[in-house]
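# Summary of structural features
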Amino acid sequence: MRFTDKVVMVTGGAQGIGKETAKRFLQEGASVVICDYDKAAGVAALEEFNSDKVDFYKVDVTDSAQIGQMVESTINKHGRIDVLINNAGITLDGFLTKMDESAWEKVIAVNLSGVFKCTKAVAPHMLKQGSGVILNASSVIGLYGNIGQTNYAATKAGVIGLTKSWAKEFGPKGIRVNAVAPGFIETGMTAAVPQKVLDLMKDKTPLRRLGRPEDIASAYLYLASDEANYINGTILSVDGGLVV
């Protein structure tokens, strides 16, 4: 029960990696706040968790007012936020020459500006506490790029820049900032990827499988824990060796 008396906030926490992450922190004793733009998924997650230690807020991470209300409600209830996991993200893939500006702007708004807005809302409370952990969702695509994912790659590379900058900015104040860079993970997001592409990714991965949400949740759990208290500004690839 490494997170007893800790308050953990997970964006995009009602499905996929976020949901598994919320579940794992609950199992470790944390009070968990999940937010997601999908209310039905959030309600379903609450029913599945069946715990008085989890709260759900319907929040669009591109909306600063909604984020602010969630953070204020959390502080009023718990008095603190110990871990922020900026997990929410979307894809709208396409070749550059066929990508319209709305696809670019939507992905930037959620995957990059959403991380900025959520952290900006939570950071003052962590600074007041003198402690905290911020974990951001990057991707191997942010490290190495990918055909047809100009917008996604740009956001995930941008998240790496934010992570390293905040690690320097907040480290002296007792706040650690790190990122996880998943490979191809079995979620609803990859369900839309053609099977032949997924099979190719499996063949390229030394472990010969796609990742599972629990693989990423375990990485978040470790980086948020006291066992990782000297890890700051790191981008942890969790990809089965895909890019070795």
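Source: prediction; values computed, not measured.

Cut-off values and rules
Residues numbered from 1 in each chain as written. Predicted model: local features only at pLDDT ≥ 70, side-chain atom pairs only at ≥ 80, totals over all residues. Heavy atoms only, no water. Helix = DSSP H or I, 4+ residues; strand = E, 2+ residues; numbered from the N terminus. Polar contact = N/O pair within 3.5 Å; in protein donor to acceptor, adjacent residues only side chain to side chain. Contact = heavy atoms within 4.5 Å. Expected span 1.5 Å × (residues − 1). Buried < 20%, exposed > 50% of the residue type's maximum accessible area, 1.4 Å probe, protein only. Phe/Tyr/Trp six-rings, centres within 6.5 Å; stacked < 30°, edge-to-face > 60°. Pairing = 2+ DSSP bridges. Axes fitted to C-alpha atoms, helices over the stretch in contact; angles between N-to-C directions.

## As for the side chain of Thr 155
Topologically, Thr 155 is positioned in helix α6 (residues 150-170). Only 2.7 Å separates the side chain of Thr 155 from the backbone oxygen of Tyr 152, close enough to count as a polar contact. Those residues in contact with Thr 155, other than ones at most four positions away along the chain, are Val 107, Ile 108, Asn 111 and Leu 112.

## Notes on α6
Taking 1.5 Å per residue, 21 residues should reach 30 Å; α6 reaches 30 Å between its end C-alpha atoms and fits that length. All of the buried residues in α6 are Asn 151, Tyr 152, Ala 153, Thr 155, Lys 156, Val 159, Ile 160, Leu 162, Thr 163, Trp 166, Ala 167 and Phe 170. In this fold, the buried residues of α6 make contact with α4 (101-129), β5 (132-137), α5 (140-144), β6 (175-182) and β7 (235-238).

## Things to note about the packing of aromatic side chains
Per the counting criterion, the structure on display carries 1 aromatic pair. Their ring planes at 70 degrees and their centres at 4.9 Å tell us that Phe 3 and Phe 25 sit as a pair that is edge-to-face. Of this pair, Phe 3 sits in the segment before β1 (7-11) while Phe 25 sits in helix α1 (residues 16-27), placing them 22 residues apart in sequence. No difference in accessibility class separates Phe 3 from Phe 25, as the two residues are buried.

## Considerations on the sheet that holds β1
Judged by pairing direction, the sheet is parallel, and its 7 strands sit side by side in the order β3-β2-β1-β4-β5-β6-β7 without closing on themselves. The open sheet is flanked by β3 (54-58) and β7, the only strands paired with a single partner. Pairwise comparison of adjacent strand axes, ignoring direction, gives a mean angle of 15 degrees for this sheet. With 5 bridges joining them, strand β2 (residues 31-36) and β3 adopt parallel strand pairing. Paired with Val 32 across the strands is Val 54, a residue of β3. Against the sheet, α1 contacts β1, β2, β3 and β4 (83-86), and its axis sits at roughly 170 degrees relative to β2. Sheet strands in contact with α4 are β1, β4, β5 and β6, and its direction is about 175 degrees off that of β4.

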